[in-house]
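An overview of the molecular structure
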Amino acid sequence: MFERLKTFLSGMNRLRLYSMVMSIAVCGVVLISVMISEAVQNIKPKQIQAPEQLVKMEKQDPKTVEKKIKTMRVEALLKKAEQAVDSETGGEDSNIWALFDNYVFMGDSRCVGFSYYNFLRDDRVFAAGGNTIRDILTDLDKLKQINPATIYLCYGLNDTGIGEWANGEEYGAELAEIFDKLKKELPDTTIVASSILPATPAALENNPVWGKIPEFDKALQKVCKEKGVLYVDNSDLVKQNMDTLYDDDGVHLRPAFYPLWAKNLYMATILAEVSKQ
């Protein structure tokens, strides 16, 4: 009988010990869960501060923000163009040519230099000695195939020299018709007309016909304004470089002139885009 009682009591002790161990384990799990929960609640998300300029933009009207972004982009392009041309070396040392994309240059013998000196691709320069504005429409089919974003017109030397137009008024009237046709056939293309580069005083003395250039250039400027064509004034560029970057004949151009001319055309085009915004 005592042996049975001893066995019974021993079993009761083991059961009690097992219960105590399980209770302690459960309490431990609960305690750990509570501690983890409190720790998670105390974790604060890391605050990342946006740049002040972006914070200000968030508070502005979306259209205003879009305009500012475009302006910043244009300013970057202008700065890039400014840095691209080395006014002393010019030519092949210039990176201005990389900024031209989806373009066509059209013009006379002075425009030929853009491809002749390997600045621009031959298939994107429609120019030849003796060309006038009447050759623009001759190349219309090729222009429509390319459908360039921008056409740069660099005429005037032969327009004033061969006597096809008696005066600036007649010249302007035909220009207007050509511009209308171009805009109709290439409605998404920006047309940029370079001012007619003047001759040097020595060339003018040898050939007075170049004296018509200012009159014809004034007609060009007037028609550009009427027809929504961008006119680019090169007078400052010429004043600064006529003595050093014109050829001996006083009307054609040395290679180093072309990067400066291209920069002037490019920057004027970018600034015109800004004014439309």
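Parameters at a glance
- Just so you know, the residues in each chain are numbered from 1, in the order the chain's sequence is written.
- With the structure being a predicted model, the display of local features is reserved for residues of pLDDT at least 70 and the display and counting of side-chain atom pairs for 80 or more, all residues being used for whole-chain, interface and lining totals.
- Side-chain measures were taken over the full set of non-hydrogen atoms in the model, leaving aside hydrogen atoms and water.
- Note on exposure labels: buried denotes an accessible area under 20% of the residue type's maximum, exposed denotes more than 50%, and partly exposed covers the range between, all computed with a 1.4 Å probe on protein chains only.
- Put simply, DSSP H or I for four residues or longer makes a helix, DSSP E for two residues or longer makes a strand, and each gets a number counted from the N terminus.
- Here, any two strands with at least 2 DSSP bridges between them count as paired.
- In what follows, residue pairs with any heavy atoms lying within 4.5 Å of each other are defined as contacts.
- The directions considered for the arc are those from the helix axis to the C-beta atoms.
- Salt bridge, as used here: a side-chain nitrogen of Lys or Arg that lies within 4 Å of a carboxyl oxygen of Asp or Glu.
- Only centres within 6.5 Å qualify two rings of Phe, Tyr or Trp (six-membered ring in Trp) as a pair; their planes then separate them into stacked at under 30 degrees, edge-to-face at over 60, and tilted for everything else.
- Distance and angle both matter: a charge sits over a ring if NZ of Lys or CZ of Arg is within 6 Å of the ring centre and within 35 degrees of the ring normal.
- Identification of polar contacts relies on pairs of N or O atoms within 3.5 Å, with a donor-acceptor requirement for protein atoms, meaning one able to donate a hydrogen and the other able to accept it, and with residues adjacent in sequence counted only if both atoms are side-chain atoms.
- Per residue, pLDDT captures the predictor's confidence, and it can take any value from 0 to 100.
- Where helices are involved, their axes are fitted lines through C-alpha atoms of the stretch in contact, as for all axes, and angles between N-to-C directions lie from 0 to 180°.
- Cysteine sulfurs are considered disulfide-paired once they come within 2.5 Å of each other.

A short note on the pairing of strand S3 (residues 150-154)
Where burial is concerned, most of S3 is hidden: five out of the five residues are buried. Along S3, one buried face is formed by Thr150, Tyr152 and Cys154 and the opposite face, lined by Ile151 and Leu153, is buried too. Bridge count for strand S1 (residues 103-107) against S3 is five bridges, and the pairing is parallel. Following the sheet pairing, Val104 is matched in S3 by Ile151. Here S3 pairs with strand S4 (residues 190-194) via four bridges, running parallel. By the bridge assignment, Thr150 is partnered in S4 with Thr190.

Remarks on the environment of Ala199
Relative to the helices and strands, Ala199 is located in the loop between S4 and helix H9 (201-206). Each C-alpha atom, one on Ala199 and one on Met242, is 8.7 Å from the other, the two residues being 43 residues apart in sequence. Ala199 has contacts with Trp210, Ile213, Met242, Tyr246, Gly250 and Val251, leaving out every residue within four places of it along the chain.

Details of helix H11 (residues 235-245)
Buried within H11 we find Leu237, Val238, Asn241, Met242 and Leu245. Axial view of H11: buried residues confined to an arc of 140°, hence all on one face. Away from its buried face, by an angle of more than 90 degrees, H11 presents the exposed residues Asp236, Lys239, Gln240 and Asp243.

Some remarks on the pattern of salt bridges
All chains considered together, the criterion is met by 10 salt bridges. Between Lys222 and Glu226 there is a salt bridge whose closest N-O contact spans 2.7 Å. Separated by four residues within a single helix, Lys222 and Glu226 lie in helix H10 (residues 213-227), roughly one turn from each other. With a relative accessible area of 52%, Lys222 lands in the exposed category. Across the pair Asp248 and Arg254 runs a salt bridge, and its minimum N-O distance is 3.1 Å. Overall, Arg254 belongs to the partly exposed group, its relative accessible area being 31%.

Overview of the packing of aromatic side chains
The relation between two aromatic rings is expressed through the spacing of the ring centres and the mutual angle of the planes. Per the stated rule, a full pass over the model turns up 21 aromatic pairs. Note on Tyr103 and Phe105: the rings are 6.0 Å apart at their centroids and 75° apart in plane angle, and the pair reads as edge-to-face. A relative accessible area of 0% places Phe105 in the buried class. Ring centres of Trp165 and Tyr171 lie 5.3 Å apart, and the angle between their planes is 75°; on these two criteria the pair is classed as edge-to-face. One residue, Arg124, lies across the ring of Tyr103, its end atom 6.0 Å from the ring centre. Across the ring face of Phe126, the terminal group of Lys142 is positioned such that the distance to the ring centre comes to 4.4 Å.

Description of the side chain of Thr160
Within the element layout of this structure, Thr160 appears in helix H7 (residues 157-161). For Thr160, the side chain forms a polar contact with the main-chain oxygen of Gly156, separated by 3.0 Å. For Thr160, the residues in contact, after removing those within four places along its chain, are Val209, Trp210, Lys212, Ile213 and Phe216.

Some words on the confidence of the model for the chain
On average, residues of the chain carry a pLDDT of 81, and 66% of them reach 70 or more. For the stretch residues 1-13, pLDDT sits under 50, and the model shows zero contacts to residues farther than four places along the chain or on other chains. Every residue in residues 43-48 is under pLDDT 50, and counting partners more than four places away or in other chains gives zero contacts.

So, the sheet that holds S3
Strand order in the open sheet formed by five strands is S2-S1-S3-S4-S5, and the pairing between neighbours is parallel. Looking at strand neighbours, the two that pair on one side only are strand S2 (125-127) and strand S5 (230-232), the edges of this open sheet. With strand direction ignored, the average angle separating the axes of adjacent strands in the sheet is 20°. The strands that helix H4 (residues 109-116) touches are S1, S2 and S3; relative to S2, the one it contacts most, it runs at about 150°. Packing against the sheet, H10 makes contact with S4 and S5, and its axis sits at approximately 150° to S5.

Observations concerning the environment of Gly172
Note that Gly172 resides in helix H8 (residues 168-185). For Gly172 and Leu220, which are 48 residues apart along the polypeptide, the C-alpha to C-alpha distance reads 6.1 Å.

With respect to the state of the cysteines
A full pass over the atoms with the stated rule returns zero disulfides. With no disulfide of its own, Cys111 lies closest to Cys154 among cysteine sulfurs, the gap being 4.5 Å. Accessibility expressed as a relative area gives 0% for Cys111, which makes it buried.

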